[in-house]
Every structure is written in C-alpha cells, then in structure tokens.
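# Per-entry structural report
The chain contents come next:
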Amino acid sequence: MDFLEYIENRSNENLEELKEFLRIPSVSTKSEHKADIERAARWVAERLREAGFANAEIVPTKMHPLVLADSLEAPSGPTILFYGHYDVQPADPLEFWTSPAFEPSVREGKLYARGTADDKGQVHIHLKALEALKKSKGKLPLNIKIIIEGEEEVGSVSLWDFVARNKDRLKADALVVSDTSMLARGVPSVTYGLRGLNYYQMEVTGPSQDLHSGTFGGAVPNPITILAEAIAKLHDKNFRVTVPGFYDAVAVPSAKERKAINSLPWKESDFRKTVGARGLCGERNFTTIERIWCRPTLELNGIWGGYTEEGSKTVIPSKAFAKISTRLVPHQDPEKIAKRLEQCLRKLLPKTVDFRFEVLSTGKPWVAPFTHPIFKMAIQALEKGFGKKAVFIREGGSIPFVTQMYDTFKVPCVLIGFGLPDENAHAPDEHILLENYFAGIKSMAIFYSSLAQI
Ligand code: BES
Ligand code: MN
Ligand code: MN
C-alpha cells in the first residue's frame, strides 16, 4: 500500500502543518475572534485545494463560514460525507496552561494547544489521509464530500438552515466524523451513541435594586438564597433529577447492551484519576459508564450574583443567575424537557421574586445500530492502523450535526474518535497523543481506500 509509505514520509511535514492550523485562535463564541475564524476557514480551504480538492469553497453564513469541497470521480463507488469543525473553545483560564494555548508545543509524545483533540487535530487527520490517497493513486477511489464548520462549539446554529436548503449537496451513503474520543489509550473506538444537549439560563429578581443588608436584611427576598434553594431541589438524595416527567420517555439500554458496555476494557480507576475529585457520585443503580453514556442528567454550569470581588460588601443583590444544561438520551424530547424544567422551577420559586427562563439551545440525542457493513470496515481499518483491537462505544458528549444528518438522510454515521477522555478538551492544557494522530492518518487512509469496495 504505497499511500502508507507516502504518509510515513510526510510525518514531520504533517505535524508542522497541523501546528500552523493550531496557531489560528478560531474561537467561535467571541466576536473579537471573527477575523481569526475567517482566517481558519481560508486555511482549511487552501489545504483542501492542495490536497486535490480543487473546488474547495468558503460559504458565508449569518455567523461563521462553512468550508465545502468534493471529489466525485468514482462513478461506481460510494459517496461519503466527512464532517468536522475548525472552531475551538475559548482558551481561558489562560494562567493554567503550561505553554500558551495558541503556541503548539510537543512534550512527552503529546501535542499541546487549544483544538488539538477538539477538533482541529482530528480534522487534519482526514485531510492528510485523503491527500495521501489522492496523491499516491492519482484520484480518489470513492466519492467524497467535505463540510467543515465554524460554529460547532456554539451549537451549529447556521448549519441547520444550510442542511435544510442544500440536501442534494450533502447527500451521501454515509457520514464520517472524527470529533469524539477513544475509550482509552490503545483502544481505538467507533462511537454509536451521543447524548443530546439543552442549555438554559435563568434569572431571579428580588428587590428592584441592590439593598443595604443591614437596613433591609431579614425582611426582603434574597434572590441568591431563593435561586440556591430551587436548584438544590432539582436532584434527590439518589442523584435522580426531580423534574416531573424527566425520565418518562427514557429508553433503558437492553440487558445485552449493558453487558457489552460494562465489559469494555475501561478502568474506573483511570476515570477517577482524570476527574481528580475525592470520590465519584451519580444516579443509583447504574455504573459509571452507564451514567455518562446512557442516562440523562441535569448539570449546573454556572451560578452568579451579588458581590464576588475582594473583601466584603454587605448587600442584598437585586438579581441572581444560573446556567443549567440537561444531557438527553433516547427518547427524550428536548422541547418537552425544556418546558418541564421551566414549569418545575416556576413552581419551586416563591411569589416574592420575578423569574426569567431562557432556552439557549436544544439538541436531540443520537443512538443508532451499527449493523451496516461500513462499521466493520471502520473497525478493520482501525485495527490495521493501530495494531490493536477496536471496540464500539457510546459517549456522553453532543454533536448537533450528527443527529441532524441521521434524521435527515437516515444514513449510517460512523464516528471515529482519536482524542482521549483525559486530553483536556475545553480545558487548559488540551492535547492529543501524537501516536493517535499518526495512527489516525494511516487508519483513515486505509478506511477510505477500503470503502471503494463497499
Ligand atoms: N467534540 C465535542 C463533542 C463530544 C465530546 C463528543 C465528548 C464525545 C465526547 C464537541 O465539540 C462539543 O464540545 N460539543 C458540545 C455541544 C455543543 C452543542 C456546544 C458538548 O458536548 O458540550
Ligand atoms: Mn468537537
Ligand atoms: Mn467541543
């Protein structure tokens, strides 16, 4: 297989090129990075052109541009859509990075920078795999469509609209995505399920302005106390969510699936080490892996209000705020869950305060069978590329586009992750193991070339 030699010979060049990509701070959530977002989109389009996708183009949207390309030179071959995202999460808190977030640095076989694992490093794996195939064979043995977006980390807002209006352009026999994780080091994995995500913000208002706590304290509603009380009631002692109806539609995994996921080569001790807390906790009667992959949750993501600066200030604040999210599993309906949470909170709050509840985004879960032959080919390609046994897993994170593609086209979605759960995605010192980056390029080249025969 000469393309493997091509890849091997280009290891250094590929790594240097990835570092270039990582130096662009394409943070999608902050408007000050708009120019960087555009630079990253151009960078991706240029690399695609160099890889042989002559028609790579940048499609503007209401928010951040999409990068699209295709190569349709295999009339009898299948058509695969590859999806990834070039946007990244903000780098802060900056002071916890060992080396600066946008200055890639290699230490002990790991490449550190924002976006290494999520998702620039994984996107680059596919660019380099496809380039190797195209350059060593002259043309690709299958049809490839590529869509790389810049809004994944903010909920893929513009993509909804684009997919709805451009079905023909995106239609394919299967979707391939690398934006997930491997189960553990040395265990290449194909993910067949993700949780959905709803995100909310709430605001509780007591007094119409801040008050002196000596003059007024004891006789007025304190929005922080009231918010905290309501939040504390959202779980019971067994870590179950108390929102009425929250579990109504939840599909419990079959005995067979539970057995399969609980016998994967996964160590709770590694998980505990990554977490770094004194202990773990979660819903009764479920294992840790079931809790994160198969059970819905309600999480507090942020809570603020009142005086939080240096020293003391005796004040009763006018307002208190919280950011809340729920991870959803089949067959929970995101809209219904949002309504139920809002109703529940309204009931929990006393009449002495005002309440604003905002649904920032909703997203359905995705779990699908992996019986289509393409899944076997993915496993085989991973086993060749890594020289290790590959497994099927579910994960707890969310990728809105996967659900949307599956619902729109009902095609197999093959999620092949090259990140690791302890690689600090969304956190300081994000990194990717170089052995996974390099084995990833090889396995994806093997995978794409094997798909020509599907
Ligand atoms: N790559 C992640 C999704 C992911 C994380 C999949 C962990 C599997 C395991 C993606 O970039 C992400 O962070 N998604 C967000 C949701 C999005 C709507 C902001 C998430 O899961 O919080
Ligand atoms: Mn991602
Ligand atoms: Mn992410």
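Residues numbered from 1 in each chain as written. Chains lettered and ligands numbered in written order. Predicted model: local features only at pLDDT ≥ 70, side-chain atom pairs only at ≥ 80, totals over all residues. Heavy atoms only, no water.

### Concerning the site of ligand 1
Taken together, 15 residues form the shell around ligand 1, and within it E152, D179, R327, S398 and H426 come nearest. Here R327 contributes a side-chain N or O atom positioned 2.8 Å from an oxygen atom of ligand 1. Burial of ligand 1 by the protein chains amounts to 82% of its free accessible area of 520 Å². Residue composition of the shell around ligand 1, by class: 3 nonpolar, 6 polar and 6 charged. (Near = heavy atom within 4 Å. Polar contact = N/O pair within 3.5 Å; in protein donor to acceptor, adjacent residues only side chain to side chain. Areas by Shrake-Rupley, 256 points an atom, 1.4 Å probe, with all protein chains shown as cover. Nonpolar A, V, L, I, M, F, W, Y, C, P; charged D, E, K, R; others polar.)

### Digging into the side chain of S28
Following the sequence through the fold, S28 ends up in the loop between α2 (11-22) and α3 (34-50). Residue S28 is classed as buried on the basis of its relative accessible area, which comes to 5%. Within the structure, S28 has its side chain in polar contact with the side chain of D87 (distance 2.7 Å). Beyond its immediate stretch of four places on either side in the chain, S28 contacts I37, H64, D87, V88, G150, E153 and V154. (Helix = DSSP H or I, 4+ residues; strand = E, 2+ residues; numbered from the N terminus. Buried < 20%, exposed > 50% of the residue type's maximum accessible area, 1.4 Å probe, protein only. Contact = heavy atoms within 4.5 Å.)

### Some thoughts on the domain arrangement of the protein chain
For the protein chain, the assigned domains are domain 1 (3-194 + 365-451), domain 2 (196-250 + 296-361) and domain 3 (252-290). Centre-to-centre separation of domain 1 and domain 2, based on C-alpha positions: 36 Å. Between domain 1 and domain 2, the buried area comes to about 470 Å², and carbon and sulfur atoms account for 62% of it. Inspection of the region where domain 1 meets domain 2 yields 1 residue pair in polar contact (both at pLDDT 80 or more). Across the side of domain 1 that touches domain 2, the residue classes break down as 3 nonpolar, 3 polar and 1 charged. (Domains from an automatic or database assignment. Buried area = accessible area lost by both parts, 1.4 Å probe.)

### Topic: the sheet that holds strand β18 (residues 431-433)
Taken in spatial order, the 3 strands line up as β4-β5-β18 in an open sheet, and their pairing is antiparallel. Each edge of the open sheet carries a strand with a single partner, namely β4 (105-107) and β18. For this sheet, the mean angle separating the axes of adjacent strands, direction not counted, is 25 degrees. With 3 bridges joining them, β4 and strand β5 (residues 110-112) adopt antiparallel strand pairing. Each residue of the ladder has a partner; that of V106, found in β5, is L111. (Pairing = 2+ DSSP bridges. Axes fitted to C-alpha atoms, helices over the stretch in contact; angles between N-to-C directions.)

### Details of the coordination of the manganese ion (ligand 2)
The reference angle at a metal is 109.5 degrees if four donors form a tetrahedron and 90 or 180 degrees if six donors form an octahedron. Protein-derived coordination of the manganese ion (ligand 2) comes from H85 (NE2), D118 (OD), D179 (OD) and D179 (OD), at a distance range of 2.0 to 2.5 Å. Of note, the manganese ion (ligand 2) draws all its donor residues from one chain, in the sequence arrangement H-x32-D-x60-D. The two metals, the manganese ion (ligand 2) and the manganese ion (ligand 3), are separated by 3.6 Å and share D118 as a common coordinating residue. Of the two residues, H85 sits in strand β3 (residues 79-85) while D118 sits in the loop between β5 and α4 (120-137), which places them 33 residues apart along the sequence. When its relative accessible area of 0% is taken as the criterion, H85 is described as buried. Of the residues examined, D118 reaches a relative accessible area of 11% and is grouped as buried. (Donors = N, O, S within 2.8 Å, 3.2 Å for Na, K, Ca; no water.)

### Some points on the nonpolar core
Judged by nonpolar contacts, the single largest core of 66 residues is most densely connected at F447 and Y448. With 10 residues, helix α15 (residues 434-451) is the largest single contributor of residues to this core. Among the nonpolar cores identified, the runner-up in size contains 28 residues, and L298, A322, C344 and V353 belong to it. (Core = buried A, V, L, I, M, F, W, Y, C linked by side-chain atoms within 4.5 Å.)

### Description of the pattern of salt bridges
The full count for this structure, using the stated rule, is 26 salt bridges. In this structure, K364 engages D407 in a salt bridge whose closest nitrogen and oxygen atoms are separated by 2.8 Å. Taken together, the residues K364 in the loop between β14 (354-361) and β15 (366-367) and D407 in helix α14 (residues 400-409) connect sequence positions 43 residues apart. Overall, the relative accessible area of 44% leaves K364 in the partly exposed class. Given the relative accessible area of 34%, D407 is considered partly exposed. One network of salt bridges, with partners in common, ties together E17, K128, E131 and K135. (Salt bridge = Lys/Arg side-chain N within 4 Å of Asp/Glu carboxyl O.)

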